[in-house]
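Spelled out from the first residue to the last, the chains are:
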Amino acid sequence: MRVEIHHQCKDFDSYRAARVKSLFNCEDGFRFDLEADLDIDHKDWTLGLIVGPSGSGKSSLGREIFGPERFYQPDDWPQTKPIIDAITPEGDFNAVTASLAAVGLGSVPTWLRPYPVLSTGERFRADLARIICEAPEKIVVDEFTSTIDRQIARFGALAFGKSWKRLARESGKQCVLLSCHYDIVEWLQPDWVFDTAEGLFQRGCLPGRPEFDLEIWETDWRYWPLFEPHYYLRLPHMIASTNYVGTVEGELVAHLAFTTAPGLREGRCSRLVVMPEWQGAGIGIRFLNALCQRWLEGKNRYSKPMTTFLNTAHPGLASGLRRDGKWIQISCKLHGDNKAQSIKTLDKSDRAKGRRPKSAGYGGHFRAIQGFRYLGSEG
C-alpha cells in the first residue's frame, strides 16, 4: 500500500511569521509531505502500530489506511452511569467483565464508577475494554498510551495486544494504534510497525517481550492495608493465616493469604490482589500458581503437602482458572451461607481476647461463588 500525504495551509506573512522565517531559515512551514510504503494490503494481520514523534504524520496515515470515521472517540461515555453499565449495555455481562479483567482493569470497585471520575490510567484501560467488547471490523486508536504512566502504558499495551489478537484471530478484525512512545513496541507485539521518524516499515521478527523477576516473601497482614482498597470485598482477616507478597525490585506487586481446612486436610487461599499498575501482565495467576505449588510440595509452615482450595466471585479470575490446566472447578453456589453463626463465633473469640466485637462474619451474601482446587502440573 503506497500512501502519499501532502498537506498545505496558508503561507502567513505577518511580522512574527516573517521574523521566524528569518531567524530559523524556515520557508516551508505551510507544507507537510509524507510518503510511505506499507505492506498491509493482505488481510493476514490483526494489529498494527504507527509510532513516531508528534507532528510526524501518524494521524494522517491512520486516516489514509482506514478513513477518519474509523477513529475511536472516547468522548461519548455516559456521565452518570458506572462503566459496567456503559460498555455494550445490550451485550453479555460476562463478556464485559472479562474484557475489563483482560485489559488489566480488574479492580472491581472501579467498575462501579462513571468514566469521568476515573483516573487517567483507569480511563485508558476502560477505553481498551470498550474496544474489545464493541469489536469493530476496523478501528484506529490515536494517542495510544500517550497520556499515562509508562508502567501502566507497557502493561496496558501487553494486555490489549493479547486480548485483541485473541479476539481477531478468527474474525479478521483489524486495529491500528498510533503512538509517540517507542517503549510499548516490545510489550505490544504488533503484526507490523511503521516508524514515521525513520520511514521504516517492519513486519514480524520483533524482540520478545521484556522479562522481570517477581520475588515472593512470606509475611503477615502488615502490608494488607496497601492492597485492601483494590480488593472487591470487605472482610475480616483470615484466621491463622500465612500471608505472601510479591515484589519487583522492591516494589509491592501482589498479595495472597493462606489458611487451612480443619484437620490440615488442604490449604485455602484468598485475598488475591495485584496492584492496578501491574494488572494486565498475567502476574495474578502466575503468583497464585507458584504459591499453590509450594503448598502442594509441602513448603509451608506445617511441612505437609496439601492441595489448595479457592473460592472466588470475580468473573475474570474464575474464567482464568477454568482455562488453566492446573486447576479444576469443584463447586458453584448462587449465594453464601447464613452468616449469623459466623458473627456469633467471631464475637465470642473477640471477647475472649479482650477485643471489641466487630459484628462481621462470613457468608450471607448473594454472590455467585465458584470453587476451584489446585492440582498442579498433573491436574
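All figures in this text were calculated on a predicted structure; none of them were measured in a lab.

Parameters at a glance
Residues numbered from 1 in each chain as written. Predicted model: local features only at pLDDT ≥ 70, side-chain atom pairs only at ≥ 80, totals over all residues. Heavy atoms only, no water. Helix = DSSP H or I, 4+ residues; strand = E, 2+ residues; numbered from the N terminus. Buried < 20%, exposed > 50% of the residue type's maximum accessible area, 1.4 Å probe, protein only. Contact = heavy atoms within 4.5 Å. Areas by Shrake-Rupley, 256 points an atom, 1.4 Å probe, with all protein chains shown as cover. Lys, Arg positive; Asp, Glu negative; His and termini not counted. Charge placed at Lys NZ, Arg CZ, Asp CG, Glu CD. Core = buried A, V, L, I, M, F, W, Y, C linked by side-chain atoms within 4.5 Å. Pairing = 2+ DSSP bridges. Axes fitted to C-alpha atoms, helices over the stretch in contact; angles between N-to-C directions.

(A) Structural context of the overall build of the protein. Counting its regular elements, the protein contains 12 helices and 14 strands. Seen through its principal axes, the protein has C-alpha atoms that stretch 85 × 45 × 45 Å. The 379 residues of the protein split such that 46% are buried. For the protein, the share of sequence-separated contacts (at least 6 apart) that also reach a separation of at least 24 residues comes to 71%. Surface summary for the protein: the accessible area is close to 19,900 Å², and the carbon and sulfur share equals 51%. Mean positive and mean negative side-chain charge positions of the protein (49 and 47 charges, respectively) differ by 12 Å.

(B) Quick peek at the nonpolar core. Residues L100, F144, F160, W164 and L177 are the most contacted members of the largest nonpolar core, which totals 40 residues. Apart from residues lying up to four places away in sequence, F144 is in contact with F124, L128, A157, F160, L177, L178, S179 and I184.

(C) Representation of the sheet that holds strand β12 (residues 308–312) in the model. What the 7 strands build is an open sheet, ordered β8-β9-β10-β11-β12-β14-β13; its pairing is mixed. The sheet terminates laterally at β8 (215–219) and β13 (327–333), the two strands that pair on one side only. Sheet twist, expressed as the mean angle between neighbouring strand axes with direction ignored, is 25°. When β13 meets strand β14 (residues 369–374), the two strands line up antiparallel, connected through 6 bridges. Of the residues in β14, the one forming a bridge with K333 is I369.

Spatial relationships are all this shows, so hold off on functional conclusions.
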